[in-house]
2 protein chains.
Amino acid sequence: MNIDMIRSAATRLDGVVRRTPLLSSPFLDEIAGRRVYVKAECLQHTGSFKFRGAWSALTALPETERARGVLAYSSGNHAQGIARSAALLGVPAVVIMPEDAPALKIANTRALGAEVVLYDRVTGDRAAIGAALAEERGLTLVRPFDEPQVIAGQGTCGLEIARQAADEGISDADVVVCTGGGGLASGIALALAETAPNLRLRTAEPEGFDDVARSLAAGTPQRNDRQSGSLCDAIVTPEPGALTFPILKAHAGPGLVVSDDEAMRAVALAFLRLKIVVEPGGAVALAAALFRPDLIPGDAVIAVATGGNIDPALFAQALSMHT
Amino acid sequence: MNIDMIRSAATRLDGVVRRTPLLSSPFLDEIAGRRVYVKAECLQHTGSFKFRGAWSALTALPETERARGVLAYSSGNHAQGIARSAALLGVPAVVIMPEDAPALKIANTRALGAEVVLYDRVTGDRAAIGAALAEERGLTLVRPFDEPQVIAGQGTCGLEIARQAADEGISDADVVVCTGGGGLASGIALALAETAPNLRLRTAEPEGFDDVARSLAAGTPQRNDRQSGSLCDAIVTPEPGALTFPILKAHAGPGLVVSDDEAMRAVALAFLRLKIVVEPGGAVALAAALFRPDLIPGDAVIAVATGGNIDPALFAQALSMHT
């Protein structure tokens, strides 16, 4: 992994990806006691940053390989990124999703043109299911995060942040990123290290699923005890990636951790103050930026709102509890 | 009013205004049977396009006049645009608001630093209240739409649309704009007529408050029977503006009209498919783009989502009814 791969991915994404805005509100600044900027990746195609990595990976494949089709496993956002990218490129996509994934994400993945195969998150073995399907149909597996061209695609978000921060006159800040397997966080970390070393990556995770924070503290990969049971479904992963963790270890500051309740408060504040729709797993970075001021240095902080694919009932619950 | 005033306003807004994105979704394209693009002005500072006109008007005032302070009357979005602009420029602002304006808009206007004076929409005379205050304190009135520098500021949104449409390869389309007094619609109409004559302005209004549509059809200004009773509070005005109507008459196609229920469906679809928060009055253009395909020509349409300052309970209602 290196910056040249991210720059190449940016070239392939040019004219396709949406350059998402950097939003702010004096009301959020007041809560955090500093300027707060939110990179609104929930406004990306398919409602999350995952479109970047999916498009990057699919366009990096040799044409004959891509034409046979691609395979992904995902709780929802990678699924939609793959489905949409494959549809735009005119190739088949099969996505293996846990049967307890949000109904909206499953429905959207199908509607975007992918074939969806459901499995049981606790008893099923998605890797085995995927391997069998790949073998049978000649599909190429696109991993959700531990895949160089996916990390390169996500890193393009970091190139945009570096430019937008310069435009806003932000000379020095932590960049807080919602972190599951670490694809986005490691891609942004690499991009910032090369193009804006004054911006430092920080990971944000939900309580009980803070494998990256504990891994960064220990210096070696740590696992989560549970694999489900958080509102932040988008970023629940068993452990940091083999490719992503070394990058985070080299570049990231101490990991930040917030509660599900804080994530829901951030969802409500993003609605109220920024007019964007963010899912809980996409709001943990904003929650950390707002509610962990003692752990974040400086007079400005940038949080990435990574996705907005939230079931309407859960969104209504965030509003009724926190506005 | 001319294009040079809009270009001057764009210069004054440069570096301050947010260049809002043009969003899209294959799910919306399918509903409308054509490509649908949404200019997300709900992501503008203070949650609506009104910040453009407010900043334009305040920065066009002579410095000594501006320093004495400004006065506005508004149901909420102009109020917040004025309050925020005045705070950023360090001058006092007094805003006269109807007492039945959404609680959130009143609270935000105060929190943004303006003094709020409430009046009764049916029995009160806001013009008289404003004139007395202006006299007493030496305040300059900034009208919400019938004010050349406000129209010029709103027109900068049209300059952005012209550039973004060209970037997207949109060669020919209607641009549907939520219309109350017509400040935004007339500003955009002027900007498009000069810079993108292949983009045609269309107004969108709620049923029962379709004064502009009827005025365009009649060729002379028509009044609404009622002054309240729509969910689309942001765009309920008694009649078209004296400055704005001649511009619309010269440049706009036939006016589009949607029901409150259709506006609420558009609010829900903007949540689900674009991940933006839009208020009913800010969603009538999207509703028209989606639900009036027979009245809109061509294979692409651009709708301006003008504002996102919606009370959480009403937003939750849109989601529970329409998702």
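Quick notes on the rules
- Residues numbered from 1 in each chain as written.
- Chains lettered and ligands numbered in written order.
- Predicted model: local features only at pLDDT ≥ 70, side-chain atom pairs only at ≥ 80, totals over all residues.
- Heavy atoms only, no water.
- Domains from an automatic or database assignment.
- Buried area = accessible area lost by both parts, 1.4 Å probe.
- Salt bridge = Lys/Arg side-chain N within 4 Å of Asp/Glu carboxyl O.
- Polar contact = N/O pair within 3.5 Å; in protein donor to acceptor, adjacent residues only side chain to side chain.
- Helix = DSSP H or I, 4+ residues; strand = E, 2+ residues; numbered from the N terminus.
- Axes fitted to C-alpha atoms, helices over the stretch in contact; angles between N-to-C directions.
- Parallel < 35°, antiparallel > 145°, perpendicular 65-115°, else oblique.
- Left-handed = near helix turned anticlockwise from the far one by under 90°.
- Contact = heavy atoms within 4.5 Å.
- Nonpolar A, V, L, I, M, F, W, Y, C, P; charged D, E, K, R; others polar.
- Pairing = 2+ DSSP bridges.
- Expected span 1.5 Å × (residues − 1).
- Buried < 20%, exposed > 50% of the residue type's maximum accessible area, 1.4 Å probe, protein only.
- Right-handed = clockwise from strand over helix to strand, strands pointing away.
- Phe/Tyr/Trp six-rings, centres within 6.5 Å; stacked < 30°, edge-to-face > 60°.
- Lys NZ or Arg CZ within 6 Å of the ring centre and 35° of its normal.
- UniProt positions renumbered as here; feature names shortened; annotations may be inferred.
- Core = buried A, V, L, I, M, F, W, Y, C linked by side-chain atoms within 4.5 Å.

> Talk me through the domain arrangement of chain A; I want residue IDs and the actual numbers.
All names here are of chain A. The domain architecture assigned to chain A consists of domain 1 (3–49 + 148–322) and domain 2 (51–141). Distance from the C-alpha centre of domain 1 to the C-alpha centre of domain 2: 23 Å. Around 2000 Å² of area is buried between domain 1 and domain 2 when both sides are counted, 54% of it from carbon and sulfur atoms. If you look at where domain 1 meets domain 2, you find four salt bridges. Ionic pairing is found between Lys105 and Asp233, a salt bridge with its closest N-O pair at 3.0 Å. Where domain 1 packs against domain 2, one counts 16 residue pairs in polar contact (both at pLDDT 80 or more). A total of eight residues in the side of domain 1 that touches domain 2 trace back to one element, the largest contributor, which is helix 8 (residues 148–167).

> Explain the packing of helix 9 (residues 183–195) of chain A against helix 11 (residues 244–251) of chain A to me, using residue names and the numbers behind them.
The axes of two packed helices give the description: the angle between them and the distance between them. Residue and element names in this part refer to chain A. Look at helix 9 against helix 11: their axes get within 9 Å of each other, and the N-to-C directions meet at 45°. Judged by the angle between their axes, helix 9 and helix 11 are oblique. Relative to helix 11, the crossing made by helix 9 is left-handed. Between helix 9 and helix 11, the residues in contact are Gly183, Ala185, Ser186, Ala189, Leu190 and Ala193 and Thr244, Ile247, Leu248 and His251, respectively. Here the residues of the contact of helix 9 with helix 11 are counted per class, giving six nonpolar, four polar and no charged.

> Could you give me a rundown of the sheet that holds strand 10 (residues 300–305) of chain A, with the residues and numbers involved?
All names here are of chain A. In space, the six strands of this open sheet follow the order 1-2-10-7-8-9, with mixed pairing throughout. With partners counted over all chains shown, the strands left at the sheet margins are strand 1 (22–23) and strand 9 (256–258), one partner each. Pairing between strand 8 (residues 199–206) and strand 9: three bridges, direction parallel. Paired with Ala204 across the two strands is Leu256, which belongs to strand 9. Running at roughly 140° to strand 2 (residues 35–40), helix 8 makes contact with strand 1, strand 2, strand 7 (173–178), strand 8 and strand 10 of the sheet.

> Any details on helix 8 (residues 148–167) of chain B? Residues and values, ideally.
All names here are of chain B. Taking 1.5 Å as the rise per residue, helix 8 with 20 residues should run 28 Å; its terminal C-alpha atoms sit 29 Å apart, in good agreement. Among the 20 residues that make up helix 8, 15 are buried, leaving the element largely enclosed by the rest of the structure. Of the residues one or two after helix 8, Gly169 is the one with positive phi, at around 75°.

> Would you mind going over the pairing of strand 3 (residues 70–73) of chain A in detail, with residue names and values included?
Residue and element names in this part refer to chain A. A two-sided burial pattern is seen for strand 3, the buried positions comprising Val70 and Ala72 on one face and Leu71 and Tyr73 on the other. Here four bridges tie strand 3 to strand 4 (residues 93–98), and the two strands are oriented parallel to one another. In the sheet register, Ala72 faces strand 4, and the bridge partner there is Val95. Note that the unit made of strand 3, helix 5 (residues 77–89) and strand 4 has a crossover that is right-handed. Of the strand pairs in this sheet, strand 3 and strand 6 (residues 140–141) are connected by two bridges, and their pairing is parallel. Each bridged residue has a counterpart across the sheet, and for Val70 the counterpart in strand 6 is Thr140.

> Describe the packing of aromatic side chains, listing the residues and the values that go with them.
Within the structure shown, the criterion is met by seven aromatic pairs over all chains. Relative to Phe271(B), the ring of Phe315(A) has its centre 5.0 Å away and its plane inclined at 55°; by these criteria the two rings are tilted. Residue Phe315(A) is located in helix 14 (residues 312–322), and its partner Phe271(B) is located in helix 12 (residues 260–274); the two belong to separate chains. The two residues Phe315(A) and Phe271(B) agree in class, both being buried. Counting every residue linked through ring pairs, the aromatic cluster contains Phe271(A), Phe315(A), Phe271(B) and Phe315(B). The residue whose ring lies beneath Arg273(A) is Phe27(A), and the NZ or CZ to ring-centre distance is 3.7 Å. Here the basic side chain of Arg265(B) rests over the ring of Phe291(B), its NZ or CZ set 4.1 Å away from the ring centre.

> Residue-level account of the UniProt feature "domain: Tryptophan synthase beta chain-like PALP" (unreviewed entry) in chain A, with values.
Summarizing the sequence annotation, UniProt attributes the feature "domain: Tryptophan synthase beta chain-like PALP" (unreviewed entry) to residues 16–307 of chain A in the numbering used throughout. Within the segment residues 16–307 of chain A, helix and strand shares are 46% and 16% respectively, and the terminal C-alpha atoms sit 18 Å apart.

> Explain the packing of helix 5 (residues 77–89) of chain B against helix 6 (residues 103–111) of chain B to me, and be specific about the residues and the numbers.
Residue and element names in this part refer to chain B. Remark: helix 5 packs on helix 6, axes separated minimally by 9 Å, with the N-to-C direction vectors making an angle of 10°. Our classification of the angle between helix 5 and helix 6 gives roughly parallel. Here Asn77, Ala79, Gln80 and Ala83 of helix 5 lie close against helix 6, whose contacting residues are Lys105, Asn108 and Thr109. Counted by class, the contact of helix 5 with helix 6 contains two nonpolar, four polar and one charged residues.

> For the nonpolar core, give the residues involved together with the corresponding values.
One finds Ile276(A), Leu286(A), Phe315(A), Ile276(B) and Phe315(B) to be the most contacted residues of the largest nonpolar core, which totals 94 residues. Dropping the residues within four chain positions of it, Phe315(B) is found in contact with Phe271(A), Phe315(A), Leu319(A), Val267(B), Phe271(B), Val277(B), Val278(B) and Ile310(B). Formed by 36 residues, the second largest nonpolar core is a distinct cluster that contains Ile6(A), Ile170(A), Ala185(A) and Leu190(A).

> Could you give an account of the pattern of salt bridges, naming the residues involved and the relevant values?
All chains considered together, the criterion is met by 32 salt bridges over all chains. Taken together, the salt bridges that share partners define one network made up of Lys39(A), Glu41(A), Arg52(A) and Glu160(A).

> An account of the interface of chain A and chain B is requested, with residue identities and associated values reported.
Between chain A and chain B, the residue contacts involve 30 residues of the former and 30 residues of the latter. Inspection of the region where chain A meets chain B yields zero salt bridges. Linking chain A to chain B there are 10 residue pairs in polar contact (both at pLDDT 80 or more). At the level of secondary structure, the elements contributing two or more residues to the side of chain A that touches chain B comprise strand 1, helix 2 (26–32), helix 6 (103–111), helix 12 (260–274) and helix 14 of chain A. Considering only residue class, the side of chain A that touches chain B consists of 20 nonpolar, six polar and four charged.

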